[in-house]
Protein chains: 2
Amino acid sequence: MAQTIPVSPLALPMPELGVVRGIRLGAIAAGIRYKGRTDLVLAEFAPGTTVAGVFTKSKCPGAPVDWCRAILPKGEARALVVNAGNANVFTGQAGRNTCEATAEATAKLVGCSGQNVYLASTGVIGEILPAERITSALPALHASLSENGWEEAARGIMTTDTFPKAAMRKAIIKGTEVIIQGIAKGSGMIAPDMATMLSFVATDAKLPASILQTLLSAGIQKTFNCITVDSDTSTSDMVLLFATGAAHNPDIATIDALTDPELADFRTALNAVLHDLALLVIRDGEGITKLMSIKVSGAVSDQSAWRVAMAIGNSPLVKTAVAGEDANWGRVVMAVGKCGEPADRDTLSVSIGGVCIARNGTVVDGYDETPVVAHMKGREIDIAVDLGLGTGSAQAWSCDLTHGYIDINGSYRS
Amino acid sequence: MAQTIPVSPLALPMPELGVVRGIRLGAIAAGIRYKGRTDLVLAEFAPGTTVAGVFTKSKCPGAPVDWCRAILPKGEARALVVNAGNANVFTGQAGRNTCEATAEATAKLVGCSGQNVYLASTGVIGEILPAERITSALPALHASLSENGWEEAARGIMTTDTFPKAAMRKAIIKGTEVIIQGIAKGSGMIAPDMATMLSFVATDAKLPASILQTLLSAGIQKTFNCITVDSDTSTSDMVLLFATGAAHNPDIATIDALTDPELADFRTALNAVLHDLALLVIRDGEGITKLMSIKVSGAVSDQSAWRVAMAIGNSPLVKTAVAGEDANWGRVVMAVGKCGEPADRDTLSVSIGGVCIARNGTVVDGYDETPVVAHMKGREIDIAVDLGLGTGSAQAWSCDLTHGYIDINGSYRS
């Protein structure tokens, strides 16, 4: 980056983090692209760790996405290697070779098969990622791993992020307290479709990979898949969830059925971690000055409500109006109208900041803009639309579109 | 507008215009929203004028769009009234009343039925458009109409446009030279889907409405439907095509079949006018500093190629890279990957400014960025993608995303 980006005004401080038994992690400066900061992260998992993952739907995925997809069916993980600064995307055979070399070097250090090493890369697209930079830094990095390396790891995966992102919850499974803790990175190229950017979540609960996968896939639908910064979907999106089982007595029976009531508390806590991480990504949206929450109700289905909410969240004209603190609700109407979902102008209502502005196809009688104008000056903008057609609903989150976004993205590679 | 917007650096001077026999038009300052400029346009057509139209697919169309859709099946037009500054969208019964009052007042002046008066409005959404402002200005405007009022009309329909837009071609039908001439307005909220913003084209050829409609619908597919400024589709989009027949001897037989070879020259000329007007809209894209042309080939179908081209043209990250003169072709790959159309990373090629940068899933051997960097500094940026899958192709046009766009749209209503 040519310029220094100031910390997002919507940033949150790091939450209190815990220890996920069975995981040691850390970061190191490998000099892949950035100078004077960490850019390579390694996590080592205890034997028996299960894993679930969701990946970008991009037709041009990065080599690490291909790598993870290929090994995921085994459901076992012993290590995770992440680098920032180069996405290893559109790099052909060289990209595949780098994945293989990285996995092999890591496997040797950890004492496992390369097929148990998960890989992720984030940064510039289309430049060759030299494997040596990574493999030569791995031994020192491996020697430095610690149970308390979470914040370091959260910092080591940042690209245009202006603050590190982590979340933690606890839950009870079969009488044992387990922890669910994760980190995320992401700031631009955010319009996930099945997953977003990079996020790694781990728990010390003992759960089979198939259950993990179902919980993760369901959890991201209302979290990572409901955020957007700029409508652009990354080639490198992935969310991985690891379960070491270290919290539980090794002899305890595994939970095999999704219907097991013992899962309820864990499921709630996992969804909360995913929600926290997704919102942290939006709070660091490139150039953000305001966080938008968009609630859509009265749609013909939840899916339809989600599409309408994302159309509002993606509209450059809605986003620039929010940036300009302009209560231009007509642009919300425009975004509803353009998105192709069932909508009827004459049953549509629009509220901003809890104030109903328009109902049944026209502005409400005696509409007083004063409280809406005041709301637009805040940091968190609430937009609500009721389509008046059915019972489908959804919530999405986005950010405003500002000069900061253009400054950051006009010179990303320089 | 709070600020004065400088004229687009991609602006073109007005072309030489002609007279479309059977049409008189003009503009007046009706004080609808703007001060010190014309904002109301009237065109009167000779009896027997046929008409075709295409309209926004928005589910929240403006009252004038509903009005025109309702009368279009008759296929006859005697007048067109357009106002700038207020879109008469999401205005409920009041909006419908304004349409009716405007049509009736115009019909009285022209001596026709209100059902032969076409209406269009452009500007802010959600504010009541007072009919009196229009009806009280119409008599003086009607008295001032002239065969040479085209440039005045092009100026009178501008909103955030920084220059007036018009195009003209001539063609021969049955041995008679006819003229096709049109105007357009549009600068933001441009991602037409069936039509774009406002454009009015007229000819003095004698053609039935059904033939006009087919020619217009086909013509916009490769012109207005291939441009995008910001992915936002207007509630007011419409393109109307009028044919007065005044160039032809009234007794000449009408062309009744689309297959008539006499239509070939006219069709080519009409498509050229639509192309010119669509490109002029992009050349005035809000905040534009660079015009992007995007060619996609090797797709599984033309429709698929069009979707890929539009995804590239709509990507905020591609558009900010172009603004920043950054040859960041990785973002083109990202846009291809995200759009959901069939694509295979390993058969994909990307060229910028005629230089092939990447082929078969990776950067070309010995890629020298120098000529591409030089191309990025120009005003017109050419991006070409070959998907390597089939024979489908398309071309689309867009503009860069700059600080100017945010300045214009952060304060549109102030």
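Residues numbered from 1 in each chain as written. Chains lettered and ligands numbered in written order. Predicted model: local features only at pLDDT ≥ 70, side-chain atom pairs only at ≥ 80, totals over all residues. Heavy atoms only, no water.

Quick look at the overall build of chain A
Looking only at helices and strands, chain A has 11 helices and 15 strands in total. Computed over its C-alpha atoms, the radius of gyration of chain A comes to 22 Å, within 12% of the 22 Å expected for a compact globule of 414 residues. The principal-axis extent of the C-alpha atoms belonging to chain A is close to 70 × 55 × 35 Å. Within chain A, the proportion of its 414 residues that are buried is 61%. For chain A, the proportion of contacts with a sequence separation of at least 24, taken over those separated by at least 6, is 82%. (Helix = DSSP H or I, 4+ residues; strand = E, 2+ residues; numbered from the N terminus. Rg over C-alpha atoms; globule rule 2.2 N^0.38 Å. Buried < 20%, exposed > 50% of the residue type's maximum accessible area, 1.4 Å probe, protein only. Contact = heavy atoms within 4.5 Å.)

Quick look at the domain arrangement of chain A
Residues and elements named next belong to chain A. As assigned here, chain A comprises domain 1 (23-283) and domain 2 (291-410). For domain 1 and domain 2, the distance between their C-alpha centres works out to 33 Å. With 13 residues of domain 1 in contact, the opposing surface of domain 2 contributes 15 residues. Both sides of the domain 1 and domain 2 interface together cover about 1200 Å² of buried area, and 61% of this is carbon and sulfur. (Domains from an automatic or database assignment. Buried area = accessible area lost by both parts, 1.4 Å probe.)

A word on the sheet that holds strand E4 (residues 79-86) of chain A
Residues and elements named next belong to chain A. Strands sit in the order E1-E2-E4-E5 across an open sheet of 4 strands; the sheet is mixed. The open sheet has two edge strands, strand E1 (23-28) and strand E5 (117-124), and neither has a second partner. Geometrically, the sheet is characterised by an average inter-axis angle of 10° between neighbouring strands, direction not taken into account. Pairing analysis gives 5 bridges linking strand E2 (residues 40-45) to E4, with the strands arranged antiparallel. Bridge pairing in E4 links Leu-42 to Val-81. Contacts from helix H3 (residues 131-143) reach E1, E2 and E4, with the element oriented near 55° to E2. (Pairing = 2+ DSSP bridges. Axes fitted to C-alpha atoms, helices over the stretch in contact; angles between N-to-C directions.)

Here's the deal with the relation of the copies chain B and chain A
For the pair chain B and chain A, the superposition axis carries a translation of 0.0 Å, the fit reaches an RMSD of 0.1 Å, and the rotation angle comes to 180°. Here the symmetry operator amounts to a two-fold rotation axis. Within chain B, the C-alpha atom positioned nearest to the axis of rotation is that of His-403 of chain B, 2.8 Å from it. Here 100% of the interface residues in chain B have copies in chain A that are interface residues too; the copies meet face to matching face. (Least-squares fit on C-alpha atoms with pLDDT ≥ 70 in both.)

A short note on the packing of aromatic side chains
Residues and elements named next belong to chain A. According to the stated counting rule, one finds 6 aromatic pairs over all chains in the structure shown. Between the aromatic rings of Tyr-118 and Phe-242, the centroid separation amounts to 6.1 Å while the plane-to-plane angle is 80°, which identifies the pairing as edge-to-face. A residue pair is termed long-range when its members are at least 10 positions apart, and Tyr-118 in strand E5 and Phe-242 in strand E9 (residues 238-243) qualify at 124 residues. The exposure class of Tyr-118 is buried, given its relative accessible area of 0%. Residue Phe-242 is classed as buried on the basis of its relative accessible area, which comes to 1%. Among the aromatic residues, those joined into a ring-pair cluster are Phe-45, Tyr-118 and Phe-242. The aromatic ring of Tyr-34 is capped on one face by Arg-37, whose charged end is 4.2 Å from the ring centroid. (Phe/Tyr/Trp six-rings, centres within 6.5 Å; stacked < 30°, edge-to-face > 60°. Lys NZ or Arg CZ within 6 Å of the ring centre and 35° of its normal.)

A short note on the packing of helix H7 (residues 302-314) of chain B against helix H9 (residues 330-338) of chain B
All names here are of chain B. At their nearest, the axes of H7 and H9 sit 9 Å apart, and the two run at 130° to each other. When the axis of H7 is compared with that of H9, the two are oblique. For the crossing formed where H7 meets H9, the hand is right-handed. Contacts between H7 and H9 involve Val-308, Ala-311 and Ile-312 from the former and Val-332, Ala-335, Val-336 and Lys-338 from the latter. For the contact of H7 with H9, the per-class residue count stands at 6 nonpolar, no polar and 1 charged. (Parallel < 35°, antiparallel > 145°, perpendicular 65-115°, else oblique. Left-handed = near helix turned anticlockwise from the far one by under 90°. Nonpolar A, V, L, I, M, F, W, Y, C, P; charged D, E, K, R; others polar.)

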